[in-house]
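A closer look at the structure
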Amino acid sequence: MTRFAIIGFGEVGGIFARDLRAGGAEAIHAFDIAPAARQRAAAAGATVHDSAAAAAAQAEVVFVPVTAGSALAAAQSLAGGLDHAPFVVDVNSVSPATKQAAAEAVEKAGGRYVEAAVMASVPPKGLRSPILLGGPHAAAFQALMAPFGMNLTPFPGPIGKASSVKMCRSVMVKGLEALTTECMLAARHYGVEQEVLRSLSDTLPHEDWRGLARYVISRALIHGRRRAEEMREVARTVQEAGVDPLLSAPIAERQDWAAARGREMGAEALRTTDLDALLAALAATTQRKAAAE
C-alpha cells in the first residue's frame, strides 16, 4: 500500500487525509506550520513531523494543499526529503508562473512534480473532486492513485497549462462570490432583496437564487482570506496573458473584506442556511465596523 504525506493540514488537507485513510492508505504523514493544524493532523491519525522535508521523506506521494501565498515556499521547504523521488502533487490555486517555479524547486530536489488544478470545491466530493493534471509525471501518478477513485484527467501541455484553466475559471467563480456579497448587502440596506432576487432569476435563470446567494456569500465570509490570496494569483495570471486585471485585483480586496467580516460574525451566524439571517448578521457587523471607524 502507498504511504502519503500532507503538507498543510487545513480544510483540504484534512479531507484528503480522511479519504486516503478510508481508501486504505498504509500511512499518512503530515506537517503544518500552525500548532492547531498539527493537533488536528494528530487527531486524524497522521504521524506529525517537525518539518515538511521530514514528512515528505516517509511518503511515495506528497500532497501540498497550502494557501496560494505559501505555495512556492512550501514546495521549496521539501528540499532534503525528496531523494527517493516521490510524487509531489501541487493542488494549490496559483498562476502558471508560480507552478513552474514550484516544479523547478521540486525537480531540483529530486521529487517528481505533478501539477494539479482542482476544478471544484473540495468538501462535497473530497478526494474525488475533479482535478486536471499537468507535467510529465501525470500519467504515472494517475495510475498509482487508481485504487483511491480519484477523478484525475491529464491535461496536455507544459506545466502551468492545467492551472490556467482553474485560474481563468476563478475570475468568474470568486467574482460571483464578491459581486453577490456586494449586491445583496446593498439590497439589504434598501430593503429590496426579494425584488433583486426575482429579477436575477428572470435574467439569469437558476432554480434557487436564494440558496445560491446564501452559499456563495458564506463561502467568501468563511474562506475569504484564502480566496483573496488565490485572486492575487489570478490577477497575476491575467496580467501574464497581457490583459489588465481591472476586475481580478478588486475581487481580491472584496474577498479580504469578507474574511474580516466573517471573523467578526462568529461561527453560529456563518452556519445559518437562511439568506435573510446571514444578510442581517453581515449588515449588523458591517454597521458596527463603520461606526467604530
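Structure report, in brief. Computed from a predicted structure; not experimentally measured. (Residues numbered from 1 in each chain as written. Predicted model: local features only at pLDDT ≥ 70, side-chain atom pairs only at ≥ 80, totals over all residues. Heavy atoms only, no water.)

Section: helix α10 (residues 209-240)
The end-to-end C-alpha distance of α10, which contains 32 residues, comes to just 34 Å, noticeably less than the 46 Å that a straight helix rising 1.5 Å per residue would cover. Of all bends in α10, the biggest is about 85 degrees, found at H223. Taken from the residues just after α10, G242 is the one with a positive phi, measuring 85 degrees. (Helix = DSSP H or I, 4+ residues; strand = E, 2+ residues; numbered from the N terminus. Expected span 1.5 Å × (residues − 1). Bend = angle between axes of the 7 residues up to and from the residue.)

Quick look at the pairing of strand β8 (residues 151-154)
Both strand β7 (residues 130-134) and β8 contribute to a ladder of four bridges, which runs parallel. Bridging across to β8, I131 finds its partner in L152. Crossover handedness for the path β7 to helix α7 (residues 138-144) to β8: right-handed. (Pairing = 2+ DSSP bridges. Right-handed = clockwise from strand over helix to strand, strands pointing away.)

Quick look at the sheet that holds strand β4 (residues 61-64)
The strand order across the open sheet built from eight strands is β3-β2-β1-β4-β5-β6-β7-β8, with neighbouring strands paired in mixed fashion. Looking at the sheet topology across the chains shown, the edges are occupied by β3 (47-48) and β8. Across the sheet, helix α1 (residues 11-22) is in contact with β1 (3-7), β2 (27-31) and β4; its angle to β1 comes to roughly 170 degrees. (Contact = heavy atoms within 4.5 Å. Axes fitted to C-alpha atoms, helices over the stretch in contact; angles between N-to-C directions.)

Examining the packing of aromatic side chains
Evaluated as defined, the whole model comprises five aromatic pairs. Relative to F148, the ring of F4 lies with its centre 5.3 Å away and its plane at 90 degrees, an arrangement referred to as edge-to-face. Here F148 lies in the loop between α7 and β8 and F4 lies in strand β1, a separation of 144 residues in the sequence. Look at F4 and you get buried, because its relative accessible area is 0%. Pairing F16 with F63 gives two aromatic rings, centres 5.3 Å apart and planes at 75 degrees, and the pair type is edge-to-face. A residue pair is termed long-range when its members are at least 10 positions apart, and F16 in helix α1 and F63 in strand β4 qualify at 47 residues. You can call F16 buried: its relative accessible area is 1%. Over the face of the ring belonging to F87 we find R112, whose NZ or CZ atom lies 3.9 Å from the ring centre. (Phe/Tyr/Trp six-rings, centres within 6.5 Å; stacked < 30°, edge-to-face > 60°. Buried < 20%, exposed > 50% of the residue type's maximum accessible area, 1.4 Å probe, protein only. Lys NZ or Arg CZ within 6 Å of the ring centre and 35° of its normal.)

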